[in-house]
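Observations on the three-dimensional arrangement
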Amino acid sequence: MADVAPVVLNDEILEWPKNDKRRFLHVVYHVVDLDRSIKFYTEAFGMTLLRKRDVPKDKYSSAVLGFGLEESTFVVELIQNDGVENYDIGTGFGHFGISTTDIYQLVETIRAKGGKITQEAGAAEGTTAVVAFVQDLDGYEFELFQRDATPEPLCQVMFHVVDLDRSIEFYEKALGMNHIVTIDRPEEKDTIAMLGYGDDPNQIAILELIYNYDVTEYTKGNAYSHIAISTDDVYKSAEVVKLVTQELGGKIIRQPGPFPGTSTKITAFEDPEGWKTVLIDNQDFLKGLEE
């Protein structure tokens, strides 16, 4: 059998993500009852409904909610597909994170509004950090953090990976994220890595990847969808992703260009373990909000 030529990476194009204007825009996932979720997210979490739309021809509705404006903060986009009565979150997806200045009051509000408290507020083992874990009405888990006021109250998306080193390298190279820290926790039998666009995980939205010792497979279900990230050039960004996937795995699932029916340019891809990211043109995104 003929030898396979090694992948040669273009150093110049690989510098683009580090120089690009990027931030986490929104995280997208499915809910069973959109109106019920809007009520819970506004009354229990304290988010604001930023926009809502119904798309009967495509049989879905969506809502965007957050702690600040879409133009400047990380937000959630909830999607309800007509006729779907349940979704499978799977074993691979972990949780979202919310930072609050009064975790004890937030926990009580969530409890009163019908959320499930899976871990009461208290100091995390071995640290002085005060955290809690709760579930929304669809079973998505949220880790709550007691912190001073921050520009990104929606502060974390966590999911599991099988090959942590490969995943870190992928997000550094393909998306230009900064590898903030890796923490090995033998007592929990896992290792976590935090990545994002900045250095202080208390001030930015981060991606948290977790490797559980000896786990070689996770299910993804059909509930969680993707993270959307901004870029000044989807074509150049897609070229970087193409090169990195040749080296590390993954695949582009939507070639760069305008999203059908709109003028907003996007590209979409999966990382080596199948987690999806969508890159959206900065100017098109802002123009779309104005419209």
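You'll find the structure just up there.
Each chain carries its own residue numbering, running from 1 in the direction its sequence is written. With the structure being a predicted model, the display of local features is reserved for residues of pLDDT at least 70 and the display and counting of side-chain atom pairs for 80 or more, all residues being used for whole-chain, interface and lining totals. Side-chain measures were taken over the full set of non-hydrogen atoms in the model, leaving aside hydrogen atoms and water.

1. Description of the sheet that holds strand 1 (residues 24–30)
Sheet architecture is open: eight strands sit in the order 2-3-4-1-13-16-15-14, paired in mixed fashion. One side of each edge strand has no neighbouring strand; the edge strands of this open sheet are strand 2 (48–55) and strand 14 (251–258). Here the average twist between neighbouring strands, direction ignored, is 15°. In the sheet, strand 3 (residues 60–66) pairs with strand 4 (residues 75–81) via six bridges, with the strands oriented antiparallel. Across the sheet, Y60 pairs through a bridge with N81, a residue of strand 4. Its contacts with the sheet put helix 7 (residues 282–290) on strand 1, strand 2, strand 13 (224–231), strand 15 (265–270) and strand 16 (276–281), and the angle it makes with strand 16 is roughly 80°. Note: two strands are recorded as paired if DSSP finds a minimum of 2 bridges between them. Secondary structure elements follow DSSP: runs of H or I no shorter than four residues count as helices, runs of E no shorter than two count as strands, and numbering proceeds from the N terminus. Only the stretch in contact is used when fitting a helix axis, every axis being a line fitted to C-alpha atoms; angles between N-to-C directions are given from 0 to 180 degrees. When checking whether two residues touch, look at their non-hydrogen atoms; a contact exists if any pair is within 4.5 Å.

2. Describing helix 6 (residues 234–248)
Side chains of residues three or four places apart in an α-helix project in the same direction, reflecting 3.6 residues per turn. Expected span, for any helix, means 1.5 Å times one less than how many residues it has. Compared with an ideal rise of 1.5 Å per residue, which puts 15 residues at 21 Å, helix 6 spans 20 Å between its outermost C-alpha atoms and is within 8% of the ideal. Partly exposed residues are those whose accessible area sits between 20% and 50% of the maximum for their type, while under 20% is buried and over 50% is exposed, using a 1.4 Å probe and protein chains only. Taken residue by residue, helix 6 has V234, S237, A238, V240, V241, L243, V244, T245 and L248 as its buried positions. Counted as a polar contact is a pair of N or O atoms within 3.5 Å, where, for protein atoms, one must be capable of donating a hydrogen and the other of accepting one, and residues adjacent in sequence contribute only when both atoms are in side chains. Sitting at the amino-terminal end of helix 6 is D233, which places a side-chain oxygen 3.0 Å from the backbone nitrogen of Y235. Just beyond helix 6, the residue with positive phi is G249, at close to 105°.

3. With respect to the packing of aromatic side chains
Ring pairs are drawn from Phe, Tyr and Trp, using the six-membered ring of Trp, whenever the two centres fall within 6.5 Å, and their geometry is named by plane angle: stacked under 30 degrees, edge-to-face over 60, tilted for the rest. One pass over the full model with this rule turns up 20 aromatic pairs. Pairing F40 with F45 gives two aromatic rings, centres 5.3 Å apart and planes at 75°, and the pair type is edge-to-face. Accessibility assignment for this pair places F40 and F45 in one class, buried. Aromatic pair Y211 and Y213: ring centres 6.2 Å apart, planes at 40°, arrangement tilted. Under the relative-accessibility criterion, Y213 is labelled partly exposed at 26%. Through pairs of rings, three or more aromatic residues link up here, namely Y29, F40, Y41, F45, F93, F96, Y140, F142, F159, Y224 and W275.

4. Topic: unusual backbone geometry
Positive phi values are uncommon outside glycine, yet K59 reaches one of about 60°. Locating K59 in the fold gives a position in the loop between strand 2 and strand 3. We note that D214 has phi near 70°; this positive angle belongs to a residue other than glycine. Within the secondary structure layout, D214 lies in the loop between strand 12 (206–212) and strand 13.

5. Overview of the side chain of R147
With respect to the secondary-structure elements, R147 resides in the loop between strand 8 (141–146) and strand 9 (154–160). No salt bridge is formed by the buried R147; its nearest oppositely charged neighbour, D200, is found at 7.3 Å. His is not counted, nor are the chain ends, whereas Lys and Arg count as positive and Asp and Glu as negative. In what follows, salt bridge is the name for a side-chain nitrogen of Lys or Arg lying within 4 Å of a carboxyl oxygen of Asp or Glu.

6. Section: the pattern of salt bridges
Summed over the entire model, instances satisfying the criterion amount to 14 salt bridges. Residues R36 and D138 are paired through a salt bridge, measuring 3.7 Å at the closest nitrogen-oxygen approach. Separated by 102 residues along the polypeptide, R36 in helix 3 (residues 34–45) and D138 in the loop between strand 7 (130–135) and strand 8 bring together distant segments of the chain. Classification of R36 by relative accessible area gives partly exposed; the value is 35%. Salt-bridge contacts for K113 lead to E43; the nearest nitrogen and oxygen are separated by 3.6 Å. You can see K113 sitting in the loop between helix 4 (103–112) and strand 6 (116–123) and its partner E43 sitting in helix 3, a full 70 residues away along the chain. The exposure class assigned to K113 is partly exposed, which follows from its relative accessible area of 40%. It is possible to trace a salt-bridge network through shared partners that takes in K39, E43 and K113.

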